[in-house]
Amino acid sequence: MRDFLQELRHALRMLAKHPGFTAVAVFTLALGIAANTAIFSVADAVLFSPLPYKEPDRLAMVWGLSPNQAPQTVAPANFLDWREQAESFEGLAAFSHASFNLAGDGTPEVVRGASVSSNFFQVLGTPAALGATFQPSTGGAAPWQTVVLGHGLWQRRFGGDPRVLGRMLRLNDVSYEVVGVMPEHFEWPTIVPTHASASEPPQLFVPAIHRDVPQLGPDTTQDTSAWRDGNYLRVVGRLKPGVTLEGAARAMDTVAERLAREYPETNTKMGIRLVPLREQLVGNVRSALWVLLSAVGLVLAIACANVANLFLARASARRQELTVRLALGARRWQLMRQLLTESVLLALVAEALGLLLALWGMDALLALVPPELPRLGAVAMDGRVLAFTLLTALGTGVLFGLVPALQASKPDLNGVLRHSGGGRFSGGGHRSRGALVVGEVALAVVLLISAGLLLRSLWRMQAVELGFRPEGVLTWRVALPAAEYPDEARQGALFQRLQERVETLPGVKSVGAISDLPFGGNNIWRLMDIDGQPRPAPGEGRSVGYQVITPGYFRTLGIALKRGRDLTPSDRGGTEPVVLVNEATARQYWPGQEPLGQRIRMGSEPDAPWLTIVGVVGDVRQGGALEETRPEVYVPALQGTFHFIQYAARTEGDPARLVAGVREAVSALDSNLPISQVRTMDEVVASAMARPRFLSTLVALFAALALLLAGVGLSGVIAYMARQRTQEIGIRMALGARPADVLRLVLGSGMRLALAGVALGLVGAWAATRGMASQLYGVSATDPLTFGSLSLAVVAVTLVATWLPARRATRVDPLVAMRSE
């Protein structure tokens, strides 16, 4: 212990004796440690921390499986059969998202909520923090018109008042009794969406009705429990103790086969897929976070190599001290321990600074993080993150201190003692410094090429033809309570009056509405029959996207009308039912034929009306910028019932200036009717690009930092090597060498290291980028253009980094150089 304290005091004195060296080394390491700490805090919350549920490893999402093996939501009747026949599960619970108009006790607002089966919270294993969750009644469903509040809504709207229990709330103009409040850290099992709007967690929960089946929306009064072709439920299940996921999957396959035999019209070729809840929550963000963790790890490795080179240079300056200590009887391992103590102590100081930088930068990092990233609420600088930072500091201290310690603990005793001021270490020191520089350049090449691929991929994404023009468009959502707007006449009248009012606002060019805007995430699929064509065989039904629109929608979004006519205000109830289809529908179902005048019928009900196709519009990437266009049909809102609709208004100038006018127009029609999801269409599109933009931005920043560190490291090593060769350079110049000859000599030394690093980096990048192929779009993981151009960029940067010390070497005075030796 005494020896350790003595070495610690000596290490402190040595670091304090060279404040410039210490400051540069500490700051270099602190940058790498801060970046690793910040990224790890996010990755830990998303990838590694246990889910906040009872025995989370027993939880799984249960999806339907379409004939083409694509996971999909579940029809109510199928869910009820699953629940009765799923012997491997302790319980299955269903839920669907909904929005509620919350009125009374303040300004009306739209609150995102969920309709859940009565056993939902029991399946998750999460009780209420205040009051109780839903309890099934003898009929199998929880008592209707009760509500459980989320902790955030309870605090924001009701000030955390415990007397909220038993209070009556007006949701969509219907009274609900508050029976419970969820814990502060309750996490909604958000399924990784494509769209930011779909990632917002519910703020309140209402029980399912009609045999415990969540409804299509908060206002649906019809019993949907017999539906088998309306897929909208998400299902989560808890496995029985001792049951494996594989065993449960085999049992559910048997259930799917049984339902296919009993209901061939809707269930033929329909399967069931089980996905562990953690895997479902993390989704495709796992690979993105691993890319980031790898990137910051490479930055830290480059920082370690830089500091290791600093320690090698400093150890060279201390060669006489270390040699004398060896000559006086010190063991080699004692010198190594002393040098490692200094490096670990410096790393711990860098850890403290890095932790402060990480805390300071967390807000900036979270501002960049896409809102749909799961478990963001769990991101914190907790004990796990602090332990990671400490282990990182200790590891880096040993990593960058080991090579200098090994090298410095075996100096050339005879040379040093014979030339007290001019002895030098063996050539191994130069080789070590060169190897470290080669490694730095190689790691920088890997990072830079990875960033280049991600940036090219982002550029390709942004260049995708969307099928509509987002610029200059404001969007908002309106939900109509069924209690106040029970029939299509009242709903249609409100929709039409609101559209007419907004059209009169200054700066408005056109207005339209649709049930689900592009990138909205609330996709509805329905089966389609075609008049004159035989019905498809069971399991091979024609499934198309189903949209309800108002006249003016296509003009507002800039969607091209290819042939036929657009909707008009005369397309309302009592007139011939009409429909428009997109080109994908026309290509798929009427190849080489004219779709205009054809008739289709939506759903499997035989009494559903036939709709006449009156127009064909261009394809829109409805599901997202990276999703292929799909068959879509558009029916007039005034010919059907729809309780919620999303408006779009094209304006002159900034569309955000229209928000106040829209709110006034809605309030003038119904003061209790709030609007929600007020965003410009540019913001909607930008949110869809948030995740690739986040990944590309951070990796590009880390790559730039890595290249800077590698350049500085190379410049420092070449400068040191040039100083070591001062006498040689002086003699060369005295014998007639020109400055250009010296420049080529030093540049050659540096560029050999740089080119070796680039070559090694190309091999590493070829291997590394193949692992990030899932994060790329429209560009190969081994794209030759990216590899070639960025390799040349690294060569150019290293050439500049080498040229600066080489230029200084040409100014050596031969007389002074030879006299110094």
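Throughout, residues of each chain are indexed from 1 in the direction in which the sequence is written. Thresholds applied to this predicted model are a pLDDT of at least 70 for local features of residues and 80 or more for the giving and counting of side-chain atom pairs; totals over whole chains, interfaces and linings are not thresholded and use all residues. Only hydrogens and water are set aside; all other atoms, that is, all heavy atoms of the structure, feed into the side-chain values.

On to unusual backbone geometry, then. Even without glycine at this site, E55 takes up a positive phi of about 40 degrees. When you line up the elements, E55 lands in the loop between α2 (19-48) and β1 (59-65). The backbone of D173 shows a phi angle near 65 degrees, a positive value even though the residue is not glycine. Helix and strand assignments follow DSSP, with helices taken as H or I runs no shorter than four residues and strands as E runs no shorter than two, numbered in order from the N terminus. Along the polypeptide, D173 turns up in the loop between β7 (168-171) and β8 (174-181).

This paragraph deals with the packing of helix α15 (residues 488-503) against helix α18 (residues 659-669). To obtain each axis, a line is fitted to C-alpha atoms, and for helices this fit is confined to the stretch in contact; angles are then taken between N-to-C directions over 0 to 180 degrees. Interhelical geometry of α15 versus α18 gives an angle of 140 degrees and a closest axis separation of 10 Å. On the basis of the axis angle, α15 is oblique to α18. Viewed along their axes, α15 and α18 form a crossing whose handedness is right-handed. Of the residues in α18, those touching α15 at L494, R497, L498, R501 and V502 are V662, A665, V666, A668 and L669. Angles below 35 degrees are treated as roughly parallel, those above 145 as roughly antiparallel, those between 65 and 115 as roughly perpendicular, and all remaining angles as oblique. Here a crossing is taken to be left-handed if its near helix is turned anticlockwise relative to the far helix by less than a right angle, and right-handed if that turn runs clockwise. Working rule for contacts: check all heavy atoms of both residues, and any pair within 4.5 Å makes them a contact.

Look at helix α22 (residues 739-768) against helix α23 (residues 784-809): their axes get within 9 Å of each other, and the N-to-C directions meet at 155 degrees. Between α22 and α23, the crossing angle belongs to the class labelled roughly antiparallel. Note that α22 runs across α23; the crossing there is right-handed. Here α22 contributes V742, L743, V746, L747, G750, M751, A754, L755, V758, L762, A765 and W766 to the contact with α23, which in turn contributes F787, S791, V794, V795, T798, L799, T802, W803, A806, R807 and A809.

Our next topic: the packing of aromatic side chains. Only Phe, Tyr and Trp rings take part, Trp by its six-membered ring, and two of them pair if their centres are within 6.5 Å. Stacked means planes under 30 degrees apart, edge-to-face means over 60, and tilted covers everything else. Summed over all chains, the structure comprises 17 aromatic pairs. With centroids separated by 6.2 Å and ring planes inclined at 50 degrees, the aromatic side chains of F121 and F134 adopt a geometry described as tilted. Residue F121 is located in helix α4 (residues 120-124), and its partner F134 is located in the loop between β5 (130-131) and β6 (146-149); the two are separated by 13 residues in the primary sequence. Residues F554 and Y634 carry aromatic rings whose centres are separated by 5.1 Å and whose planes lie at 85 degrees to one another, so their mutual orientation is edge-to-face. One end of the pair, F554, is in helix α16 (residues 553-557); the other, Y634, is in strand β20 (residues 632-636), with 80 residues separating them in the sequence. An aromatic cluster is defined as three or more aromatic residues linked by ring pairs; in this entry it consists of F95, F120, F121, F134, F186, W188 and F205. Note on geometry: a ring has a charge over it if NZ (lysine) or CZ (arginine) is within 6 Å of the ring centre and within 35 degrees of the ring normal. Here the basic side chain of R228 rests over the ring of Y263, its NZ or CZ set 3.5 Å away from the ring centre. The ring of W766 has R770 sitting right over it, with the charged end atom 4.4 Å from the ring centre.

This part covers the nonpolar core. As used in this record, nonpolar core signifies buried Ala, Val, Leu, Ile, Met, Phe, Trp, Tyr and Cys residues forming a set joined through side-chain atoms within 4.5 Å. Residue burial is assigned from relative accessible area. The probe radius is 1.4 Å, only protein chains are included, and a residue is buried under 20% of its type maximum, exposed over 50%, and partly exposed in between. Counting residues in each nonpolar core, the largest one holds 94 residues, and the members touching the most others are L292, L346, L365, F400 and F702. Here this core takes 18 residues from helix α9 (residues 285-317), the largest share from any one element. Other than its neighbours up to four places away in sequence, L365 contacts A38, I39, V42, F694 and L698. Formed by 40 residues, the second largest nonpolar core is a distinct cluster that contains V581, M602, I645 and L658.

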